[in-house]
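# Analysis of the macromolecular model
Below are the chains, spelled out letter by letter.
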Amino acid sequence: MSRTGHPLPGLLVALSFAAGATDAFAFLALNGVFTANMTGNLILVGLFQRPHFAATLIGAGGAVLVFALALYVGFRLTRVPSDARAGFGPLVGAAGFQALTAALWLASRQTKTLPIILVLIALSCIAMALQTVAAKRMGADRSISTTFATGAMTGLMQDLADGVPGERGLRLLIVIALPAGALLGAALMYAAPALAPVAPTLILVGCVLGARR
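Quick summary incoming for the structure in this document. What you see is a predicted model, and the numbers here were worked out from it, not measured in a lab.

## Some words on the nonpolar core
Leu30, Leu91 and Leu204 are the most contacted members of the largest nonpolar core, which totals 52 residues. Looking at this core, the elements with two or more residues in it are α1 (9-29), α2 (38-45), α3 (53-77), α4 (88-107), α5 (114-137), α7 (168-191) and α8 (198-212). Looking at which element gives the most residues to this core, the answer is α5, with eleven residues.

Put into C-alpha cells, the structure is as follows:
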C-alpha cells in the first residue's frame, strides 16, 4: 500500500484500462474524437487543416462541453459525504452510460450518420466523466486521474526527483494501463468492431461489482 493508502488502487488501474480502450474505440470509430482524453480534444479543436474539420470541431468541441457538464453534475451530486462510498453512485452511472454506448453502437452499425455518432460521443463522454468523478470521490489523489496520464506521470516523476515515496507504484500502473487498454480497443476494432465498446462496459461492470464488495 502506498503512503497515502488509497483504498482501491486496483480499481483505479482497471478504470484507466477501460478509459484507454474507450478512447481507442472513440478515436477509431467516432470521427477521430476522444471521449476520455479532453486534452486531445482541445488540440483537435485547433487543427483547422485536418480533413473534415467541421465534423471534428463539432464532435471534439461537443465532447469537451458534455464531459465538463457531466463532471460538474457528478461532483455536485456527490459533494456531501466525504468517504469512499460517495463514488459508488457515479461508478454505477459510468457503467450504465457505457452500456448505452455499446447498445447504440451495436444497434446502429449499419447507419453511422453524424447525429448517431454525436450521440455516441456524448454517451461515452458522460460515462468517462462519471468514471473520473467516481475515482476522485473514492479517494484518488488530485494528481491522479483514470482518464488521462499526464497528471499521474507528472506526479510520478516529481516523486522520483524529490525522493518522496508517494504513490509511485499506482501512478506507474495507471500510466501503463491507459495504452494497454488502447491496445485492446484497437485490436477489437480490427478483429471484432462490434465488441469494441462492449469490452470497457464489461470492465466497468466488473469495477462496480468489485467496489460493492
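## Describing the packing of aromatic side chains
Within the structure shown, the criterion is met by two aromatic pairs. Ring centres of Phe25 and Trp105 lie 5.0 Å apart, and the angle between their planes is 85°; on these two criteria the pair is classed as edge-to-face. Placement of Phe25 in helix α1 and of Trp105 in helix α4 is noted, with a sequence separation of 80 residues between them. As far as burial versus exposure is concerned, Phe25 and Trp105 are alike and both buried. Residues Phe27 and Phe34 carry aromatic rings whose centres are separated by 5.1 Å and whose planes lie at 25° to one another, so their mutual orientation is stacked.

## Things to note about unusual backbone geometry
Phi angles above zero are rare outside glycine, and Asn31 is one such case at about 60°. The partly exposed category is assigned to Asn31, whose relative accessible area is 34%. With phi around 55°, His52 is a residue other than glycine that occupies positive phi space. Relative to the helices and strands, His52 is located in the loop between α2 and α3.

## Topic: the packing of α3 against α5
The N-to-C vectors of α3 and α5 enclose an angle of 35°; their axes lie 8 Å apart at closest approach. Handedness of the α3/α5 crossing: right-handed. Along its contact with α3, which presents Ile58, Gly59, Ala63, Val66, Phe67, Ala70, Leu71, Gly74 and Phe75, the element α5 presents Leu118, Ile121, Ala122, Cys125, Ile126, Met128, Ala129, Leu130, Thr132, Val133, Lys136 and Arg137. Of the residues belonging to the contact of α3 with α5, the class tally is 16 nonpolar, three polar and two charged.

## Remarks on the side chain of Gln131
Examined against the element boundaries, Gln131 turns out to sit in helix α5. Residue class for Gln131 comes out buried when judged on its relative accessible area of 0%. Not counting residues within four places of it along the chain, the set of residues in contact with Gln131 comprises Leu15, Ser16, Ala18, Ala19, Ala94, Thr146, Thr147 and Leu204.

## Considerations on the environment of Val175
Within the secondary structure, Val175 is located in helix α7. In the structure, Val175 is positioned 143 residues away from Gly32 in sequence and 22 Å away in space, judged by C-alpha atoms. When near neighbours in sequence (up to four residues on either side) are disregarded, Val175 contacts Ala149, Ala152 and Met153.

## Digging into the environment of Ile117
Structurally, the position occupied by Ile117 is in helix α5. The class for Ile117 is buried, based on a relative accessible area of 8%. When the C-alpha atoms of Ile117 and Gly59 are compared, they prove to be 8.4 Å apart, with 58 residues separating the residues in sequence. What Ile117 contacts, discounting residues up to four positions off in sequence, is Leu30, Asn31 and Lys112.

The rules behind the values
Residues numbered from 1 in each chain as written. Predicted model: local features only at pLDDT ≥ 70, side-chain atom pairs only at ≥ 80, totals over all residues. Heavy atoms only, no water. Core = buried A, V, L, I, M, F, W, Y, C linked by side-chain atoms within 4.5 Å. Buried < 20%, exposed > 50% of the residue type's maximum accessible area, 1.4 Å probe, protein only. Helix = DSSP H or I, 4+ residues; strand = E, 2+ residues; numbered from the N terminus. Phe/Tyr/Trp six-rings, centres within 6.5 Å; stacked < 30°, edge-to-face > 60°. Axes fitted to C-alpha atoms, helices over the stretch in contact; angles between N-to-C directions. Left-handed = near helix turned anticlockwise from the far one by under 90°. Contact = heavy atoms within 4.5 Å. Nonpolar A, V, L, I, M, F, W, Y, C, P; charged D, E, K, R; others polar.

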